[in-house]
Amino acid sequence: MKRIAGVLIAVVAGAGLASPALSDSTVSPADQTAIQALIAGQIDAFRRSDDAAAYADASPSIHDIFPTVDAFMAMVRNGYQPVYRPQSVIFGKVEPGTMGPLEKVYVTGPDGKNYVAVYSLQQQPDGSWKINGCSLVPDDTPSI
(Lines give C-alpha, C1' and ligand atoms only; values in the text may rest on other atoms or scores of the structure.)
Protein backbone atom coordinates (compact mmCIF):
# COMPACT_ATOMS: atom_id res chain seq x y z
CA MET A 1 0.00 0.00 0.00
CA LYS A 2 2.96 2.35 0.55
CA ARG A 3 3.64 1.92 -3.16
CA ILE A 4 0.10 3.16 -3.87
CA ALA A 5 0.67 6.18 -1.64
CA GLY A 6 3.90 6.96 -3.51
CA VAL A 7 2.10 6.56 -6.81
CA LEU A 8 -0.58 8.91 -5.54
CA ILE A 9 1.98 11.63 -4.92
CA ALA A 10 3.61 11.07 -8.31
CA VAL A 11 0.32 11.05 -10.20
CA VAL A 12 -1.00 14.15 -8.49
CA ALA A 13 2.30 16.00 -8.89
CA GLY A 14 2.51 15.14 -12.58
CA ALA A 15 -1.12 15.71 -13.42
CA GLY A 16 -0.63 19.34 -14.45
CA LEU A 17 -3.34 20.54 -12.13
CA ALA A 18 -2.65 24.23 -11.97
CA SER A 19 -4.25 26.32 -9.29
CA PRO A 20 -5.49 29.87 -9.81
CA ALA A 21 -3.24 30.87 -6.89
CA LEU A 22 -0.19 30.10 -9.02
CA SER A 23 -0.27 33.53 -10.61
CA ASP A 24 0.53 35.04 -7.22
CA SER A 25 3.98 34.77 -5.66
CA THR A 26 2.45 34.49 -2.19
CA VAL A 27 -0.61 32.90 -0.67
CA SER A 28 -3.05 35.40 0.83
CA PRO A 29 -3.63 35.36 4.60
CA ALA A 30 -7.27 34.39 3.98
CA ASP A 31 -6.21 31.43 1.83
CA GLN A 32 -3.58 30.41 4.41
CA THR A 33 -6.30 30.35 7.07
CA ALA A 34 -8.67 28.38 4.83
CA ILE A 35 -5.97 25.86 3.88
CA GLN A 36 -4.92 25.25 7.48
CA ALA A 37 -8.56 24.90 8.54
CA LEU A 38 -9.13 22.37 5.74
CA ILE A 39 -6.16 20.22 6.78
CA ALA A 40 -7.04 20.49 10.48
CA GLY A 41 -10.60 19.49 9.61
CA GLN A 42 -9.44 16.41 7.72
CA ILE A 43 -7.11 15.36 10.56
CA ASP A 44 -10.00 15.86 12.99
CA ALA A 45 -12.24 13.73 10.75
CA PHE A 46 -9.57 10.99 10.79
CA ARG A 47 -9.43 11.16 14.60
CA ARG A 48 -13.25 10.86 14.81
CA SER A 49 -13.27 8.03 12.24
CA ASP A 50 -15.55 10.17 10.06
CA ASP A 51 -14.34 8.66 6.82
CA ALA A 52 -16.88 10.46 4.61
CA ALA A 53 -15.86 13.89 5.95
CA ALA A 54 -12.15 13.10 5.48
CA TYR A 55 -12.79 11.96 1.90
CA ALA A 56 -14.83 15.10 1.18
CA ASP A 57 -11.71 17.21 1.86
CA ALA A 58 -9.79 15.48 -0.96
CA SER A 59 -9.61 17.00 -4.44
CA PRO A 60 -11.46 15.62 -7.46
CA SER A 61 -8.11 14.27 -8.70
CA ILE A 62 -7.75 12.20 -5.53
CA HIS A 63 -11.34 11.01 -5.94
CA ASP A 64 -10.45 9.86 -9.48
CA ILE A 65 -7.57 7.77 -8.09
CA PHE A 66 -9.55 6.51 -5.09
CA PRO A 67 -13.19 6.47 -6.28
CA THR A 68 -14.67 5.26 -2.99
CA VAL A 69 -14.38 6.30 0.63
CA ASP A 70 -13.23 2.79 1.51
CA ALA A 71 -10.41 2.82 -1.06
CA PHE A 72 -9.26 6.25 0.10
CA MET A 73 -9.32 5.30 3.76
CA ALA A 74 -7.46 2.03 3.13
CA MET A 75 -4.68 4.08 1.51
CA VAL A 76 -4.63 6.54 4.41
CA ARG A 77 -4.64 3.85 7.11
CA ASN A 78 -1.85 1.90 5.42
CA GLY A 79 0.42 4.74 4.33
CA TYR A 80 -0.32 7.79 6.46
CA GLN A 81 -0.63 6.70 10.11
CA PRO A 82 1.13 9.87 11.37
CA VAL A 83 -1.67 12.09 9.99
CA TYR A 84 -4.39 9.47 10.49
CA ARG A 85 -3.72 9.15 14.23
CA PRO A 86 -1.29 11.93 15.23
CA GLN A 87 -0.22 12.56 18.80
CA SER A 88 0.46 16.22 18.00
CA VAL A 89 0.07 18.58 15.04
CA ILE A 90 1.85 21.91 14.39
CA PHE A 91 1.25 23.94 11.25
CA GLY A 92 4.02 25.68 9.36
CA LYS A 93 3.50 28.47 6.87
CA VAL A 94 1.61 27.95 3.61
CA GLU A 95 3.98 28.60 0.71
CA PRO A 96 3.50 28.79 -3.04
CA GLY A 97 4.52 25.70 -5.00
CA THR A 98 4.84 24.95 -8.68
CA MET A 99 1.49 23.11 -8.75
CA GLY A 100 -0.30 25.13 -6.06
CA PRO A 101 0.20 26.01 -2.42
CA LEU A 102 2.11 23.71 -0.09
CA GLU A 103 1.57 23.42 3.65
CA LYS A 104 4.13 21.79 5.93
CA VAL A 105 2.52 20.16 8.93
CA TYR A 106 4.77 18.83 11.68
CA VAL A 107 3.24 15.76 13.30
CA THR A 108 4.17 13.24 15.91
CA GLY A 109 2.80 9.90 14.79
CA PRO A 110 1.24 7.21 16.93
CA ASP A 111 4.70 5.59 17.01
CA GLY A 112 6.10 8.66 18.83
CA LYS A 113 8.27 9.62 15.85
CA ASN A 114 8.23 13.04 14.21
CA TYR A 115 7.24 13.59 10.58
CA VAL A 116 6.74 16.44 8.15
CA ALA A 117 3.57 16.07 6.12
CA VAL A 118 3.77 18.31 3.05
CA TYR A 119 0.27 18.86 1.74
CA SER A 120 -0.41 20.10 -1.77
CA LEU A 121 -3.60 22.03 -2.27
CA GLN A 122 -5.85 22.67 -5.23
CA GLN A 123 -8.21 25.62 -5.48
CA GLN A 124 -11.64 24.71 -6.80
CA PRO A 125 -13.69 26.76 -9.29
CA ASP A 126 -15.81 28.09 -6.42
CA GLY A 127 -12.67 29.39 -4.65
CA SER A 128 -12.60 26.70 -1.97
CA TRP A 129 -9.56 24.51 -1.34
CA LYS A 130 -9.16 20.73 -1.47
CA ILE A 131 -6.23 18.50 -0.48
CA ASN A 132 -4.51 17.32 -3.64
CA GLY A 133 -1.80 15.11 -2.14
CA CYS A 134 0.42 14.59 0.86
CA SER A 135 4.06 13.62 1.11
CA LEU A 136 5.13 12.21 4.45
CA VAL A 137 8.80 12.44 5.44
CA PRO A 138 10.44 11.35 8.71
CA ASP A 139 11.70 14.39 10.65
CA ASP A 140 14.94 13.62 12.42
CA THR A 141 15.45 17.21 13.56
CA PRO A 142 16.06 17.26 17.32
CA SER A 143 13.26 18.95 19.24
CA ILE A 144 13.88 21.58 21.86
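Quick caveat, the model's predicted, so the values are computed rather than measured.

Caption draft 1: Just the sheet that holds strand E1 (residues 88-95), in detail. As summarised here, the arrangement of the four strands in space is E1-E2-E3-E4, forming an open sheet in which the pairing is antiparallel. Among the strands making up the open sheet, the edge pair consists of E1 and strand E4 (129-138). Averaged over neighbouring strand pairs, the angle between their axes works out to 25° when direction is ignored. Sheet topology places strand E3 (residues 114-123) next to E4; nine bridges connect them, and they run antiparallel. Within E4, the position partnered with Gln122 by the bridge is Lys130. Along the sheet face, helix H2 (residues 29-47) touches E1, strand E2 (102-108), E3 and E4 and points at about 150° away from the line of E1.

Caption draft 2: The arrangement of unusual backbone geometry in detail. For Ser49, which is not glycine, the phi torsion reads 60° and is therefore positive. In this structure, Ser49 sits in the loop between H2 and helix H3 (51-56). Assessed through its relative accessible area of 43%, Ser49 is described here as partly exposed.

Caption draft 3: Quick look at the confidence of the model for the protein. Summarising the model, the protein shows a mean pLDDT of 86, and 81% of its residues fall at 70 or more. Across residues 1-24, where pLDDT falls below 50, the model places 40 contacts with residues more than four positions away in sequence or in other chains.

Caption draft 4: The arrangement of H2 in detail. With 19 residues, H2 should reach 27 Å at 1.5 Å per residue; the first-to-last C-alpha distance of 27 Å fits that figure. Among all positions in H2, only Gln32, Ile35, Leu38, Ile39, Gln42, Ile43, Ala45 and Phe46 are buried. Relative to the axis of H2, the buried residues are bounded by an arc of 165° and lie together on one face. Opposite its buried face, H2 presents the exposed residues Pro29, Ala30 and Thr33, each directed more than 90 degrees away. Phi turns positive, to about 60°, at Ser49, one or two residues after H2.

Caption draft 5: Just the pairing of E2, in detail. Pairing of E1 with E2 involves six bridges; the strand directions are antiparallel. Bridge pairing links Val89 to Val107 in E2. The hairpin formed by E1 and E2 contains six residues between the paired strands, and Gly100 there has a positive phi angle of roughly 135°. Connecting E2 to the next strand, E3, in antiparallel fashion are five residues, including Gly112 with a positive phi near 85°.

What counts, and at which threshold
Residues numbered from 1 in each chain as written. Predicted model: local features only at pLDDT ≥ 70, side-chain atom pairs only at ≥ 80, totals over all residues. Heavy atoms only, no water. Pairing = 2+ DSSP bridges. Helix = DSSP H or I, 4+ residues; strand = E, 2+ residues; numbered from the N terminus. Axes fitted to C-alpha atoms, helices over the stretch in contact; angles between N-to-C directions. Contact = heavy atoms within 4.5 Å. Buried < 20%, exposed > 50% of the residue type's maximum accessible area, 1.4 Å probe, protein only. pLDDT = per-residue confidence, 0-100. Expected span 1.5 Å × (residues − 1). Arc of directions from axis to C-beta.

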